[in-house]
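# Structural features, examined
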Amino acid sequence: MGTFVPATQVRRAIIGMDNRAPAPEELTRMEAMVDQAMRDGAFGLSSALIYVPGTFAKTDELLALAKVAAKHKGIYISHVRGESFNLFNALDEAIGIGRDAGLPVVIYHLKVAAKANWGRMSEAVAKIDEARTQGVNVSATMYPYTAGGTGL
């Protein structure tokens, strides 16, 4: 059993609930927190980018933290930034973080939300497969059941 260092909680500890980028000295403190958690045995960095304050984190912030996890052979696991109309951009972001930081990526709860997008899961899987052919170690987990929802 293991745990991940949550990017959202690192952000909250240093920035609080403010919707802004970290100042350089704040980012340095955030990186130090990730480094300490990795030295303490965390498996990697996690993000949940559809929940506040995780929604406030920009890609460059996540990449900086992921690079710290990569130094410790960690992985990046993400509840991506969008699951409906922004899904494909969100997948690109997660894949790009893994590629640029040099660490494996796991996208969890992969799904195609919003009724207008139903039937596009094969496109999402193809995007992941393409990244894998380009050398990015990326995988995904998904619900093995209908988790409910509104069919927006």
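Scroll up for the structure.
As a starting point, this report considers the structure included with it.

## Notes on the side chain of Ser47
Considering the arrangement of structural elements, one finds Ser47 in strand β2 (residues 44-48). At a separation of 2.7 Å, a polar atom in the side chain of Ser47 contacts the side chain of Tyr76. Residue contacts for Ser47: discarding those within four places in its chain leaves Ala7, Leu62, Tyr76, Ile77, Ser78, His79 and Tyr108.

## Considerations on the nonpolar core
One finds Val34, Leu45, Tyr76, Ile107 and Val138 to be the most contacted residues of the largest nonpolar core, which totals 40 residues. Elements that contribute at least two residues to this core include exactly α1 (7-15), α2 (24-39), α3 (59-71), α4 (87-101), β4 (105-107) and α5 (121-133). The element best represented in this core is α4, accounting for eight residues. Look past the residues within four positions of Leu45 in its chain and what remains in contact with it is Phe4, Val5, Ala7, Val34, Leu62, Leu65, Ala66, Ala69, Ile75, Tyr76 and Ile77.

## Digging into the sheet that holds β2
Strands sit in the order β1-β2-β3-β4-β5 across an open sheet of five strands; the sheet is parallel. Every other strand in the sheet has two partners, leaving β1 (5-6) and β5 (138-140) as the edge strands with one partner each. Note: β4 against β5, three bridges, orientation parallel. Paired with Val106 across the strands is Ser139, a residue of β5. Lying on the sheet, α4 is in contact with β3 (75-79), β4 and β5; it crosses β4 at an angle near 160°.

## Quick look at the packing of α4 against α5
Helix packing for two helices is described by the angle between their axes and how far apart those axes are. Contact geometry for α4 and α5: axes closest at 11 Å, N-to-C directions at 20°. By the criterion of interaxial angle, the relationship of α4 to α5 is roughly parallel. Every pair of crossing elements has a handedness; the one defined by α4 and α5 is right-handed. On α5, the residues touching Leu87, Phe88, Leu91, Asp92 and Ile95 of α4 are Glu123, Ala124, Lys127 and Ala131. Considered class by class, the residues forming the contact of α4 with α5 number six nonpolar, no polar and three charged.

## A few points about α4
End to end, α4 covers 21 Å across 15 residues, agreeing with the expected 21 Å (1.5 Å per residue, within 8%). In terms of burial, α4 is a largely internal element, eleven of the 15 residues being buried. All buried positions along α4 are accounted for by Leu87, Phe88, Ala90, Leu91, Glu93, Ala94, Ile95, Gly96, Ile97, Gly98 and Ala101. On its buried face, α4 sits against α3, β3, β4, α5 and β5. Following α4 by one or two positions, Gly102 has its phi on the positive side, about 75°.

## Description of the pairing of β3
Two faces belong to every sheet, and in a regular strand the side chains alternate between them. Of all the five residues making up β3, four are buried; the element is thus mostly covered by neighbouring parts of the structure. Alignment of β2 against β3, held across five bridges, turns out to be parallel. Paired with Gly44 across the bridge in β3 is Ile75. Crossover handedness for the path β2 to α3 to β3: right-handed. Bridge count for β3 against β4 is three bridges, and the pairing is parallel. Residue pairing for β4: Tyr76 is matched across the bridge by Val105. Chirality of the crossover, the property in question, places the unit of β3, α4 and β4 among those that are right-handed.

Calculation notes
- Residues numbered from 1 in each chain as written.
- Predicted model: local features only at pLDDT ≥ 70, side-chain atom pairs only at ≥ 80, totals over all residues.
- Heavy atoms only, no water.
- Helix = DSSP H or I, 4+ residues; strand = E, 2+ residues; numbered from the N terminus.
- Polar contact = N/O pair within 3.5 Å; in protein donor to acceptor, adjacent residues only side chain to side chain.
- Contact = heavy atoms within 4.5 Å.
- Core = buried A, V, L, I, M, F, W, Y, C linked by side-chain atoms within 4.5 Å.
- Buried < 20%, exposed > 50% of the residue type's maximum accessible area, 1.4 Å probe, protein only.
- Pairing = 2+ DSSP bridges.
- Axes fitted to C-alpha atoms, helices over the stretch in contact; angles between N-to-C directions.
- Parallel < 35°, antiparallel > 145°, perpendicular 65-115°, else oblique.
- Left-handed = near helix turned anticlockwise from the far one by under 90°.
- Nonpolar A, V, L, I, M, F, W, Y, C, P; charged D, E, K, R; others polar.
- Expected span 1.5 Å × (residues − 1).
- Right-handed = clockwise from strand over helix to strand, strands pointing away.

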